[in-house]
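In case you want the letters, here they are:
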Amino acid sequence: MTLPLGKANLNLKGYQFNMKFFSLLLIFLFLGLFEAPLMVMGDRKLIESTCKATPSYNLCLSTLLSNPKSLSGDVSDLGLIMVGATRIKATQAVQHIKSLYRSHPELRRPLNECAQMYLAVVKADVPSAIQALDGGQPKFAEDGMADTAVEAQACERSFSDGGHKSPVTEMNKGVENIANVARAIIRMLL
Amino acid sequence: MRRYIIYPFLFLYKNSKFISLLLQHSSNFLSTSTMVADLEHATSTSYSLLPDSDHHHPPSISQRRRPITLLSSIFLSMLLFSSLIALILNHNSQPHTVGDEIGDGAPAKEVFKPISRGASQGVSEKSNYFQLSSADVDEIYPWTNAMLSWQRTGFHFQPPKNWMNGPLYHMGWYHFFYQYNPDAAVWGNITWGHAISKDLINWHHLPFAMVPDQWYDINGVWSGSATLLLDGRIVMLYTGDTDQEVQVQNLAYPANLSDPLLLDWVKYPGNPVLVPPPGIGSKDFRDPTTAWLNPNGKWRVAIGVKVNKTGITLVYETTDFTSYELLDNVMHAVPGTGMWECVDFFPVSTTESNGLDTSVNGLGVKHVLKSSLDDNKHDYYALGTYDPISNKWTPDNPELDVGIGLRLDYGKYYASKSFYDQSSRRRLLWGWTGETDSEAADILKGWASVQTIPREVVFDKKTGTNILQWPVKEVEKLRSKNTKYQKVSLKPGSLVPLDVGLATQLDILATFDIDKKAVEAALEADVGYNCTTSGGSSSRGAFGPFGLVVVADDSLTEQTPVYFYIAKGVDGVANTYFCADQSRSSTAADVTKLIYGSTVPVLHGEKLSMRVLVDHSIVESFAQGGRTVITSRVYPTMAIYSAAKVFLFNNATGISVTASVNVWNMNSAELDFFPLDQHAST
């Protein structure tokens, strides 16, 4: 009986059968064993090299790796993941500002300004960046992320401008950092 | 007997997986190498299938569990395990659903809540999504309504959102088609806006010319160009972003050529007419040019692409604009410049002062090749010669090649394109100027982007190495009151206010006389000067800066100087720089405050001259008749309305300057909606 393996005709003699089989089995096995982790490493390598080119390697790495799609994506996909993470951070910022508004009436003016800025991020910057990345116009995506960092900085300044101490410094920094990482990834597509 | 059943299964399973992987990898490898080779040797383009998911899923084959040797079973399970991992990892490349990417289930394309655009009056209402409190609304934002509505220009074309393409002249009207986002003050949902004018200055808005309503442009009706055929027909080639996010070229034409308003447009049913050729990415293929006639009677169209980091201009040949042949030779390529967008290719006369039709070539003609660089958002150009036989464009000076040499504009200016106005025999250039303030401010004011005043483009016969850009003569009809200052003496450290009345809409012509001998005598001064990095107008040198200060308040807390600065290198050669300084243009912190500029050639015997168009938040500055041009955006908080002033200044330490200035106040242009109910379309 012959198997559909091209030239590898196998006869029914037990011993011969076993040896050939076994050695072929071993070869294929090793290849199989190695190629799976290689696949994992290959995509992880892309993530690592991409993140190395951003201002916050660790932030980039942890953000991307927490999204399972990152392992099978190209740089554009990584950019989209990072833009999505930026959006989440900005949305959380809006919620946080809302809660502070109730507890800190003396800060209403700068909080209002901040809310406006973060809504610009969520409603305009992020959707524009996503559409631009999808369509292959990365520079407009870069604009969106660059503006996000500007809005975060402006929010921080709106407190000091009024002589107040900002209660949201970490929050603003978080948005700024992640937007800058997204921007750096997007720049790689230009 | 059982072995004979198991082992074949085992073999087939491992074999097929391995073979499928082999095939997968090798097919990728093969197609890549074919693609790269194809680019250089492409002879024809077939309509290759739009890219599809080309990843193979290793076939899973069910296995029957049978008792086998222990070792084999261990190997088998490990193999199974690793194969499973491989399976999971290989699953890839659907046109991804963006919602997955984001991970929060939000829809991919959000409709931005529209706010009233406040037409020509600027912001007509405050947008206040976030109703935290109804009281204190007037004092909430650092950008007051007054500041924001001041920013709207008086005599520049601007709809709510503005990118531009496809200008043309037809039956007495200039037509302007521009990239427009109907939903937001950011880029997106791109549609073709449409406006017409008799004089390039006063505009009428018309309904959208084209909207994204076909699978081949559903994700954006992007830039394109119009070609006037010999029999008077108009064809429009434009880039569409397909439902698969592939960039393709489509054909459209007016529904009714005898309609001077060109209201309705028909998309060719056989679209797309061009898809990305082998070797070019599906997102690196856009912005077809106006076509030109080749001596062989066929039309040629150029499209910018990139391969890795090399920007390239491909050329297609066609007779009917529906089927095309990709020419073997690329027109030109420059390594390291990245993607070439909005390529523009046109002839200029080296002997005459009129413009030339796009198809003209021959003696006394040079060709300008222009590209917008995706990488740095600047427009570059170079002069050269075009050989229609070889389809090669060769730069006059390879060191100043496209993308590495001269810029059309050293400020905020992008995606420009020119067209030949056959009625006035001029080559006219349109440019898009975006905002340099924050998006939050753009949302508040309800608009973003303006069009620069159209510029006439001619070859600079005096230098032979430049083109000249000059605002179209029609803008002068907006001039009203004129104020002249003759021979104002500016000693080092001078600042002279110009009494011109309202200084927010001005046309200023200024010339500056300096003691050339003083410059010649100096060995060197300010070696390595650079507009952007040398500190702006407050950085004083021996021979500069001196010039005008516009959009400034009395105390000069906010100011936008536009100036010359003469520096002398170690080689003893004096270079004149022309700069526009936004570093102190506003006390607001969320606006761009760069200093733009470049050297400008000044020939022996020439006076230094500049023209500055001031129009609220846009300033267009032209040096030496348009050899070097800078467009600036400024967003003052104090120097607005009647508080805005204009000055002459000389901050040089070593020379006095004699200035003569001619200032005109500028009336506003009319931007309205064309009264269509009064228009008979047939």
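For the structure itself, consult the block above.
Residues numbered from 1 in each chain as written. Chains lettered and ligands numbered in written order. Predicted model: local features only at pLDDT ≥ 70, side-chain atom pairs only at ≥ 80, totals over all residues. Heavy atoms only, no water.

## Let's talk about the overall build of chain B
Part 1 of the reasoning: Within chain B one finds six helices and 36 strands.
Part 2 of the reasoning: Counting across all 682 residues of chain B, residues that qualify as buried make up 58%.
Part 3 of the reasoning: In chain B, 65% of the contacts between residues at least 6 apart in sequence involve partners at least 24 apart. (Helix = DSSP H or I, 4+ residues; strand = E, 2+ residues; numbered from the N terminus. Buried < 20%, exposed > 50% of the residue type's maximum accessible area, 1.4 Å probe, protein only. Contact = heavy atoms within 4.5 Å.)

## So, the overall build of chain A
Part 1 of the reasoning: When you go through chain A residue by residue, the secondary structure sums to six helices and zero strands.
Part 2 of the reasoning: Seen in sequence order, chain A has helices and strands lined up from the N terminus as α-α-α-α-α-α.
Part 3 of the reasoning: Considering chain A as a whole, with its 190 residues, one finds that 55% of them fall into the buried category.
Part 4 of the reasoning: Counted over contacts in chain A with a minimum sequence separation of 6, partners at least 24 positions apart contribute 64%.
Part 5 of the reasoning: In the form shown here, chain A has an accessible surface area of approximately 8,100 Å², with 60% of it arising from carbon and sulfur atoms. (Areas by Shrake-Rupley, 256 points an atom, 1.4 Å probe, with all protein chains shown as cover.)

## Details of the state of the cysteines
Part 1 of the reasoning: The full count for this structure, using the stated rule, is three disulfides over all chains.
Part 2 of the reasoning: Covalent S-S linkage joins A:Cys51 and A:Cys60, the inter-sulfur distance amounting to 2.0 Å. Across the disulfide from A:Cys51 to A:Cys60, rotation about the S-S bond amounts to roughly -70°, and the bridge is consequently left-handed. In this pair, the class of A:Cys51 matches that of A:Cys60, namely buried.
Part 3 of the reasoning: Residue pairing for B:Cys531: its cysteine sulfur links by disulfide to B:Cys579, the two sulfurs lying 2.1 Å apart. Between B:Cys531 and B:Cys579, the S-S dihedral sits near -70°, and the bridge is therefore left-handed. Residue B:Cys531 is found in the loop between helix 6 (516-521) and strand 27 (546-552), and its partner B:Cys579 is found in strand 29 (residues 574-581); the two are separated by 48 residues along the sequence. (Disulfide = S-S within 2.5 Å.)

## Description of the nonpolar core
Part 1 of the reasoning: In this structure, A:Leu64, A:Met82, A:Val83 and A:Tyr118 are the most contacted members of the largest nonpolar core, which totals 59 residues.
Part 2 of the reasoning: For this core, the elements supplying multiple residues, two or more each, are helix 1 (14-52), helix 2 (57-65), helix 3 (75-103), helix 4 (108-135), helix 5 (138-161) and helix 6 (169-187) of chain A together with strand 19 (414-421) and helix 5 (439-445) of chain B.
Part 3 of the reasoning: Element by element, the count of residues in this core is highest for helix 4 of chain A, at 14 residues.
Part 4 of the reasoning: If we ignore the near neighbours within four places in the chain, the residues touching A:Val83 are A:Val126, A:Ala129, A:Ile130, A:Leu133, A:Met145, A:Ala182 and A:Ile186.
Part 5 of the reasoning: Residues B:Leu444, B:Phe512, B:Val591 and B:Ile630 belong to the second largest nonpolar core, which totals 54 residues. (Core = buried A, V, L, I, M, F, W, Y, C linked by side-chain atoms within 4.5 Å.)

## With respect to helix 4 of chain A
All names here are of chain A.
Part 1 of the reasoning: With 28 residues, helix 4 extends 39 Å from end C-alpha to end C-alpha; this agrees with the ideal 40 Å at 1.5 Å per step.
Part 2 of the reasoning: Of all the bends in helix 4, the greatest measures close to 35° and is centred on Val121.
Part 3 of the reasoning: Here helix 4 lies mainly inside the structure; 25 of its 28 residues are buried.
Part 4 of the reasoning: Remark: Gly136 follows helix 4 within two positions and exhibits a positive phi of approximately 85°. (Expected span 1.5 Å × (residues − 1). Bend = angle between axes of the 7 residues up to and from the residue.)

## As for unusual backbone geometry
Residues and elements named next belong to chain B.
Part 1 of the reasoning: Between Asn271 and the following residue, Pro272, the backbone shows a cis peptide bond with an omega angle of -5°.
Part 2 of the reasoning: Examined against the element boundaries, Pro272 turns out to sit in the loop between strand 8 (265-267) and strand 9 (285-286).
Part 3 of the reasoning: The backbone of Leu262 sits at a positive phi, close to 45°, despite the residue not being glycine.
Part 4 of the reasoning: Along the chain, Leu262 turns up in the loop between strand 7 (247-254) and strand 8.
Part 5 of the reasoning: In this structure Leu262 comes out as buried when scored by relative accessible area, which is 1%.
Part 6 of the reasoning: Residue Val551 is not a glycine yet carries a positive backbone phi of 45°.
Part 7 of the reasoning: Take Val551: it is sitting in strand 27.

## Comments concerning the packing of helix 2 of chain A against helix 6 of chain A
Packed helices, taken two at a time, are described by the angle between their axes plus the distance between the axes.
Residue and element names in this part refer to chain A.
Part 1 of the reasoning: It is the contact of helix 2 with helix 6, at a shortest axis distance of 10 Å, that shows an interaxial angle of 80°. The angle between helix 2 and helix 6 falls in the class roughly perpendicular. Every residue of helix 6 that contacts helix 2 at Leu59, Cys60 and Thr63 is listed here: Asn177, Ile178, Val181 and Ile185.
Part 2 of the reasoning: Taken together, the residues of the contact of helix 2 with helix 6 sort by class into five nonpolar, two polar and no charged. (Axes fitted to C-alpha atoms, helices over the stretch in contact; angles between N-to-C directions. Parallel < 35°, antiparallel > 145°, perpendicular 65-115°, else oblique. Nonpolar A, V, L, I, M, F, W, Y, C, P; charged D, E, K, R; others polar.)

## Some thoughts on the environment of B:Ser539
All names here are of chain B.
Part 1 of the reasoning: One can find Ser539 in the loop between helix 6 and strand 27.
Part 2 of the reasoning: A relative accessible area of 25% means that Ser539 is categorised as partly exposed.
Part 3 of the reasoning: In the structure, Ser539 is positioned 112 residues away from Asn651 in sequence and 8.0 Å away in space, judged by C-alpha atoms.
Part 4 of the reasoning: Once residues within four sequence positions are removed from consideration, Ser539 is found in contact with Ser534, Gly544, Pro545 and Tyr565.

## Description of the packing of helix 3 of chain A against helix 4 of chain A
Residues and elements named next belong to chain A.
Part 1 of the reasoning: Where helix 3 meets helix 4, the axes come as close as 9 Å, and the angle between the chain directions of the two elements is 160°. Between helix 3 and helix 4, the interaxial angle falls into the category roughly antiparallel. Judged by the sense of rotation from one axis to the other, the crossing of helix 3 with helix 4 is left-handed.
Part 2 of the reasoning: Of the residues in the contact of helix 3 with helix 4, the class split is 19 nonpolar, four polar and three charged. (Left-handed = near helix turned anticlockwise from the far one by under 90°.)

## Some details on the pairing of strand 23 (residues 467-471) of chain B
Residue and element names in this part refer to chain B.
Part 1 of the reasoning: Among the five residues of strand 23, four are classified as buried, and the element is accordingly described as predominantly covered.
Part 2 of the reasoning: With five bridges connecting them, strand 22 (residues 455-459) and strand 23 associate as antiparallel partners. Across the sheet, the residue bridging to Val457 is Gln469, located in strand 23. (Pairing = 2+ DSSP bridges.)

## Notes on helix 6 of chain A
Part 1 of the reasoning: Counted at 1.5 Å a residue, the expected span for helix 6 of chain A with its 19 residues is 27 Å, and the 27 Å between its end C-alpha atoms agrees.
Part 2 of the reasoning: Where helix 6 of chain A is concerned, the buried positions are A:Met171, A:Asn172, A:Gly174, A:Val175, A:Glu176, A:Ile178, A:Ala179, A:Val181, A:Ala182, A:Ala184, A:Ile185 and A:Ile186.

## Description of the sheet that holds strand 32 (residues 618-623) of chain B
Residues and elements named next belong to chain B.
Part 1 of the reasoning: Strand order in the open sheet made by the six strands is 24-35-26-31-32-33, with antiparallel pairing throughout. Edge strands, defined here as strands with exactly one partner in the open sheet, are strand 24 (479-490) and strand 33 (628-633). Strand after strand, the sheet turns through a mean of 15° between neighbouring axes, direction not considered.
Part 2 of the reasoning: Sheet analysis places strand 24 next to strand 35 (residues 657-666), joined by eight bridges and oriented antiparallel. Looking across to strand 35, one finds that Thr483 is bridged to Val663.

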